[in-house]
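Spelled out, the chains give:
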Amino acid sequence: MSRWSPRRWAHHRYLWWTGALVVGGVAVAIAIGRDTSPGPGITDGGALAVLVTVVLLSPFLLFGAVHSLSFAIRRRVHDDARVYGVGQPVRAEVALPERGAPVWPRPAEELLLRVEVERVPDAARVVEREARHGRHRWIETPDGALRLRSGQGWLTATGRDGVVRHRATRRALPGRHRGHWDLELDGRVLRCEVRGLQDPPRRTLLEPDGTAWLLHMGLPSLFALLTGRRTGGPEPHGRLPEDLAPDAAAFVLSWVGELEEHLSRVRSYGQEIGAARQDDVADAWAGHGDAPDTTTETAPRRERASA
């Protein structure tokens, strides 16, 4: 397993600090070059102001770059494999609301994800329907439907006969917000390591024999959010084993989206107004060692949100 990948560089904050230092250096060079005074030293008022500002800010920028770099190295997720399986391509697309559709009340049925498997569009869908006891999520394929249930550190897909077809469970690891997720898909087991404080651009699923499958998180860019071209939900895509059925592939992509939702909530603790008290459900999904890890549905609000 590779412990580091250059592909992750653009996803770490230390690049922003380093870029600010470089811009400051360029500003100093331009300020010195624009000083046309014949005497020694810089006497031009504007050039001197730029030089003093950059000198005062440089220690803070340098500290931020070093701190962010060390944090990225210590908190990185070791999920960079050297060779990935070529399997079947899968892709999830967030269904955009219809133009002019009312925001409230919510419709009785919402299409959350369109799943493309082996380049077959709409091979599976994740829909949310209103029911007597709340709203429930389903994975729909031409072969049938599976109901999604989730709780503190687990996600299941159950058939109409009550048999659990697919299951994802979290196992805590030593340390803060670390855990292994085991995905049981029709008897096949895939594993993923999760660190809740890390924001990786992709996830690697490992089989017991070491075969690796790569999934990109598909997070929307800031430009896409500002222009309204994408919603805030992730659209994961990548490769999965060829023998996985469309409902299993949709389950994996749904799990990736659910995981990212909880991880983003954990990362925002203390950064938003009213986020002082942590969410036990988000903690459990992120791998918090002290969070309760149950195997039965005990959180009605998660049932309402994701089941």
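Enquirer: Whenever I open this one, the packing of aromatic side chains confuses me. Can you help?
Expert: In total, this model carries two aromatic pairs according to the counting rule given. Taken together, a centroid distance of 4.8 Å and an interplanar angle of 45 degrees make the contact between Trp181 and Trp285 tilted. Remark: Trp285 occurs in helix α5 (residues 280-286) and Trp181 occurs in strand β8 (residues 178-185); sequence separation between them is 104 residues. Ring-pair connections join several aromatic residues into one group, and the members of that group are Trp181, Trp255 and Trp285.

Enquirer: How do you make sense of unusual backbone geometry when you look at a structure like this?
Expert: Trans is the common state for peptide bonds, and a negative phi is the common state for residues other than glycine. In this model, Glu118 sits at a positive phi of 50 degrees, which is unusual for a non-glycine residue. Along the chain, the position of Glu118 falls in the loop between β2 (109-117) and β3 (120-131). Residues other than glycine seldom take positive phi values, yet Arg119 does so here, at roughly 60 degrees. Structurally, the position occupied by Arg119 is in the loop between β2 and β3. What makes Arg119 exposed here is its relative accessible area of 57%.

Enquirer: Would you take a moment to explain the nonpolar core for this structure?
Expert: The tendency in soluble globular proteins is for nonpolar side chains to be buried as a group. Among the nonpolar cores identified, the biggest contains 42 residues, and Leu205 and Trp255 are the most heavily contacted of them. At 11 residues, helix α4 (residues 246-267) tops the list of elements feeding residues into this core. Beyond its immediate stretch of four places on either side in the chain, Leu205 contacts Leu190, Arg191, Cys192, Thr211, Ala212, Trp213, Leu215, Leu240, Val252 and Trp255.

Enquirer: Mind showing me how you'd approach the confidence of the model for the protein chain here?
Expert: Detailed reading of the predicted coordinates is not advisable wherever pLDDT falls low. Chain-level pLDDT for the protein chain is 78 on average; 75% of the residues reach the 70-or-more range. Across the protein chain, element-level confidence peaks in strand β6 (residues 154-158) with a mean pLDDT of 95 and bottoms out in helix α6 (residues 300-306) with 34. In the model, residues 270-276 has pLDDT below 50 throughout and makes three contacts with residues more than four positions away in sequence or in other chains. Low pLDDT, under 50, characterises residues 291-307; the stretch is placed with 43 contacts to residues that sit more than four places away or in other chains.

Enquirer: Is there a simple way to think about the pattern of salt bridges in this case?
Expert: Any two side chains of opposite charge can pair if their charged atoms end up close together. Inspection of every chain in the model, using the stated rule, returns 16 salt bridges. For Arg129, the salt bridge identified is with Glu109, shortest N-O distance 2.9 Å. Taken together, the residues Arg129 in strand β3 and Glu109 in strand β2 connect sequence positions 20 residues apart. Here Arg165 makes a salt bridge to Asp247, at a shortest N to O gap of 2.9 Å. One end of the pair, Arg165, is in strand β7 (residues 164-172); the other, Asp247, is in helix α4, and 82 residues separate them in sequence. With a relative accessible area of 32%, Arg165 lands in the partly exposed category. Look at Asp247 and you get buried, because its relative accessible area is 8%.

Cut-off values and rules
- Residues numbered from 1 in each chain as written.
- Predicted model: local features only at pLDDT ≥ 70, side-chain atom pairs only at ≥ 80, totals over all residues.
- Heavy atoms only, no water.
- Phe/Tyr/Trp six-rings, centres within 6.5 Å; stacked < 30°, edge-to-face > 60°.
- Helix = DSSP H or I, 4+ residues; strand = E, 2+ residues; numbered from the N terminus.
- Buried < 20%, exposed > 50% of the residue type's maximum accessible area, 1.4 Å probe, protein only.
- Core = buried A, V, L, I, M, F, W, Y, C linked by side-chain atoms within 4.5 Å.
- Contact = heavy atoms within 4.5 Å.
- pLDDT = per-residue confidence, 0-100.
- Salt bridge = Lys/Arg side-chain N within 4 Å of Asp/Glu carboxyl O.

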